[in-house]
Every structure is written in C-alpha cells, then in structure tokens.
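Okay, here's what each chain looks like letter by letter:
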Amino acid sequence: MTQQRFFGFEKLEIYHESVELAALVYRLTAAFPADERFGLTNQLRRAATSVTLNIAEGSGRGTKRDFAHFLMQARGSVYEVVGAVLSVRLEYLQPKQAHTVSEQAQSISAKITALARNLKAEA
C-alpha cells in the first residue's frame, strides 16, 4: 500500500533516508545504559531527528535560499550523528553498527550538499 503524500518534502529521497537514519539511531540507542538516557542517547536521538525536521521545515520556508539554509542545518545534525562512534569506544555499540550509521550519514550528507548547491544556484 502506498502512503498518500501531502507535502513537497515527502517526495524527497533525502527526507525518507533521514527518517530511516533517525529510526536506526532510535533502535540502536534503545540498548544504551539507562544512565545515558539524558546524555549520549538523548543527544544522538535529537541530532538524528533534527535532520528530518530541518528538511521538512526548510522546504516550507518559501524560498530556495531559506530551504538551502535549513539543509545546511540538517547537514550539521548529520555530522553530529556520526558521533555515534563514541558509542563504540564506550562499548554501547559494535563497530559494525556505528559503521552502518556512518555510511547512511555520509550518503545523506552528500545528497543534502548537492540539493543545497542546486537551490543556491537557482536562487
């Protein structure tokens, strides 16, 4: 069954990839120790969620320049998510899990950068 889409950003591949990244981060951090709930767990989840929300908000701002600005905010949050490698050092994640996060983050970052450049060139 296909889901009906109401907003333009829902057609963007980077939006759907960012939703998947956020879901992955939530799944992985669910196994973090309880004493990290307000620390690393919260920070990684907020950063992952911020990627998705900045893409959505930026698309609704009305100008290509504003959208590009919000995409750069989203990219900054993607970089924050890569901080999941600290979780390996703390032995909360396996290296393979952190690598999966990093690969997804790299793909999203590259696509965000490309879209932002195109928007700036059109503005």
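Look up: the structure comes first, before these words.
Since the model is a prediction, treat every value here as computed from it, not as a measurement.

### Brief notes about the overall build of the chain
Inference 1: Scanning the chain from terminus to terminus reveals five helices and zero strands.
Inference 2: Listed N to C, the secondary structure of the chain is α-α-α-α-α in terms of helices and strands.
Inference 3: Against the globule reference of 14 Å for 123 residues, the chain gives a C-alpha radius of gyration of 15 Å, in line with a compact fold.
Inference 4: Each principal axis of the C-alpha distribution contributes one length, and for the chain these read about 45 × 35 × 25 Å.
Inference 5: Expressed as a percentage of its 123 residues, the buried residues of the chain come to 37%.

### A few points about the packing of aromatic side chains
Inference 1: Evaluated as defined, the whole model comprises three aromatic pairs.
Inference 2: For the pair Phe9 and Tyr15, a centre-to-centre distance of 4.8 Å together with 65 degrees between the ring planes defines the contact as edge-to-face.
Inference 3: The exposure class assigned to Tyr15 is buried, which follows from its relative accessible area of 16%.
Inference 4: Measuring from ring centre to ring centre gives 5.1 Å for Phe32 and Tyr92, while their planes differ by 45 degrees; the resulting arrangement is tilted. Of this pair, Phe32 sits in the loop between α1 (13-29) and α2 (40-59) while Tyr92 sits in the loop between α4 (85-89) and α5 (95-122); the two residues are 60 residues apart in sequence, bridging distant segments of the chain.
Inference 5: Given a relative accessible area of 7%, Phe32 falls into the buried group.

### Some points on the packing of α1 against α2
Inference 1: Relative to each other, α1 and α2 sit at 165 degrees, their axes nearing to 9 Å. By the angle between their axes, α1 is roughly antiparallel relative to α2. In terms of crossing hand, the pair formed by α1 and α2 is left-handed. Within the contact between the two elements, α1 uses Ile14, Tyr15, Ser18, Val19, Ala22, Val25, Tyr26 and Thr29 and α2 uses Thr41, Leu44, Arg45, Ala48, Thr49, Val51, Thr52 and Ile55.
Inference 2: Split by residue class, the contact of α1 with α2 holds 10 nonpolar, five polar and one charged.

### Some details on the pattern of salt bridges
Inference 1: Taken as a whole and judged by the stated rule, the model has four salt bridges.
Inference 2: Glu17 is the partner of Lys111 in a salt bridge, and the nearest nitrogen-oxygen pair spans 2.5 Å. Remark: Glu17 occurs in helix α1 and Lys111 occurs in helix α5; sequence separation between them is 94 residues.
Inference 3: Take Lys111: its relative accessible area is 28%, and that puts it in the partly exposed class.
Inference 4: With its nearest N and O atoms 2.7 Å apart, the salt bridge here joins Glu122 to Lys64. Highlighted residues: Glu122 in helix α5 and Lys64 in helix α3 (residues 64-81), separated in sequence by 58 residues.
Inference 5: Bridged by salt links that share partners, the residues Glu13, Glu17 and Lys111 form one connected network.

Reading the values: the criteria
- Residues numbered from 1 in each chain as written.
- Predicted model: local features only at pLDDT ≥ 70, side-chain atom pairs only at ≥ 80, totals over all residues.
- Heavy atoms only, no water.
- Helix = DSSP H or I, 4+ residues; strand = E, 2+ residues; numbered from the N terminus.
- Rg over C-alpha atoms; globule rule 2.2 N^0.38 Å.
- Buried < 20%, exposed > 50% of the residue type's maximum accessible area, 1.4 Å probe, protein only.
- Phe/Tyr/Trp six-rings, centres within 6.5 Å; stacked < 30°, edge-to-face > 60°.
- Axes fitted to C-alpha atoms, helices over the stretch in contact; angles between N-to-C directions.
- Parallel < 35°, antiparallel > 145°, perpendicular 65-115°, else oblique.
- Left-handed = near helix turned anticlockwise from the far one by under 90°.
- Contact = heavy atoms within 4.5 Å.
- Nonpolar A, V, L, I, M, F, W, Y, C, P; charged D, E, K, R; others polar.
- Salt bridge = Lys/Arg side-chain N within 4 Å of Asp/Glu carboxyl O.

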